[in-house]
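The primary structure of each chain is shown beneath.
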Amino acid sequence: MSVKLAVVMDPIQDITVKKDSTLAMLIAAQEKGWNLAYMEQTDLYLDDGIAMAETRTLTVADDKQNWFALGDSIRQKLSDFDVILMRKDPPFDNEYIYTTYILEAAEQQGTLIVNKPQSLRDCNEKVFATQFPQCCTPVLVASSPTLLREFYDQHEDVIFKPLDGMGGSSIFRIKPGDPNLSVIIETLTDFGKNQIMAQKFIPEIKTGDKRILMIDGQPVNYALARIPAPNETRGNLAAGGSSRGIPLTDRDRWICEQIGPTLKNKGLIFVGLDVIGDYLTEINVTSPTCIRELDSAFDLDIGGDLMECITAKLGK
């Protein structure tokens, strides 16, 4: 029997075909003969506790001109699907949380959700990394300007960033003697009201911020090193960084071993670890990317590997 897969994502007409990881997943599922359906966040709803959606059948292609086709909209139970991929990009706002409630209802009604809705809520991509201090550079989560200044005074060269950012947005490096320290703290914390993250600066960022993809607690054998543009401290591709594929180091594999069992226990089936030098900096659980870049660099089929994992979990 063919697997019925649905995806919740941002508007498919707006994706960048050559880089979009969700498209890679959908192509892999379609190649297995699975039936695909498409939803945006606003298509989901609860009707007397039953998880429902306005869905459209979907076909996809690796074609920069015509990469998708949608059928007519129909209303159906989310439990009609074997698996739903939750691939809506942040911001992780109230609407995102409400979506996880609906998907959690679908999960209770028998559908596999990738990733598990409760874990999407529980595992903030910045704070989650602090559960593995043995893997991290010195790190502080605080709203207190006093505590943040003390961290800066101790480590001298630090990164400050919001807990809800993505793509390198609002990340500040504060070097020794930086006259902008006060205004950066005021801006990011809204004068002490909002929690932010402080990390000791890792000089190895110049060789790349590595994205390591994990499938059910096990790493893909290669990482994508995202290298900052000149005069930039952020390696994010969205911030102008370049990329190159590299094999995992022994330290990378050790970090994966430390984190993998927790990911598996939490139902976080597809995850992206961010590693700079020898240190874990973030654990991306919402909509990790870099599938297509790694597939291209090393002749991999990461989307296919994910679908094999899902097949095993469905027992099909």
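Quick note: structure is the one above.
Residues numbered from 1 in each chain as written. Predicted model: local features only at pLDDT ≥ 70, side-chain atom pairs only at ≥ 80, totals over all residues. Heavy atoms only, no water.

A. Spotlight on empty space enclosed by the protein. One pass over the structure, following the stated rule, counts one cavity of 30 Å³ or more. One number sums up the size of the largest cavity: a volume of about 60 Å³. For the largest cavity, the full set of lining residues is Met25, Leu85, Met86, Arg87, Val114, Asn115, Phe270, Val285, Thr286, Pro288 and Leu306. If one sorts the elements of the lining of the largest cavity by residue count, strand S6 (residues 83-87) sits on top with three residues. Here the residues of the lining of the largest cavity are counted per class, giving eight nonpolar, two polar and one charged. (1 Å grid on protein atoms, 1.4 Å probe; cavity = no way out; pocket = protein on both sides within 12 Å on 5 of 7 lines; lining within 4 Å. Points joined across faces, edges and corners; volume = space filled by probe spheres on them. Helix = DSSP H or I, 4+ residues; strand = E, 2+ residues; numbered from the N terminus. Nonpolar A, V, L, I, M, F, W, Y, C, P; charged D, E, K, R; others polar.)

B. Quick peek at helix H5 (residues 181-189). Within H5, the full set of buried residues consists of Leu181, Ile184, Ile185, Leu188 and Thr189. All buried residues of H5 lie within an arc of 105° about the axis, which places them on one face of the element. Check the buried side of H5 and you find it contacts helix H4 (145-155), strand S9 (158-162), strand S10 (172-174) and strand S11 (196-200). Where H5 terminates, the next one or two residues include Asp190, which has phi positive at roughly 50°. (Buried < 20%, exposed > 50% of the residue type's maximum accessible area, 1.4 Å probe, protein only. Arc of directions from axis to C-beta. Contact = heavy atoms within 4.5 Å.)

C. A look at the environment of Ser143. Its place among the elements puts Ser143 in the loop between strand S8 (139-142) and H4. When the C-alpha positions of Ser143 and Gly192 are compared, they lie 5.0 Å apart, and in sequence the two are 49 residues distant. Apart from the residues within four sequence positions on either side, Ser143 is in contact with Leu148, Thr189, Gly192, Lys193, Asn194 and Gln195.

D. Unusual backbone geometry, seen in detail. In this structure, Pro91 follows Pro90 across a cis peptide bond, with omega equal to 25°. Cis geometry marks the peptide bond from Val114 to Asn115, where omega comes out at 5°. Relative to the assigned elements, Asn115 resides in the loop between strand S7 (112-114) and helix H3 (117-122). Within the chain, Asp190 stands out as a residue other than glycine whose phi angle is a positive 50°.

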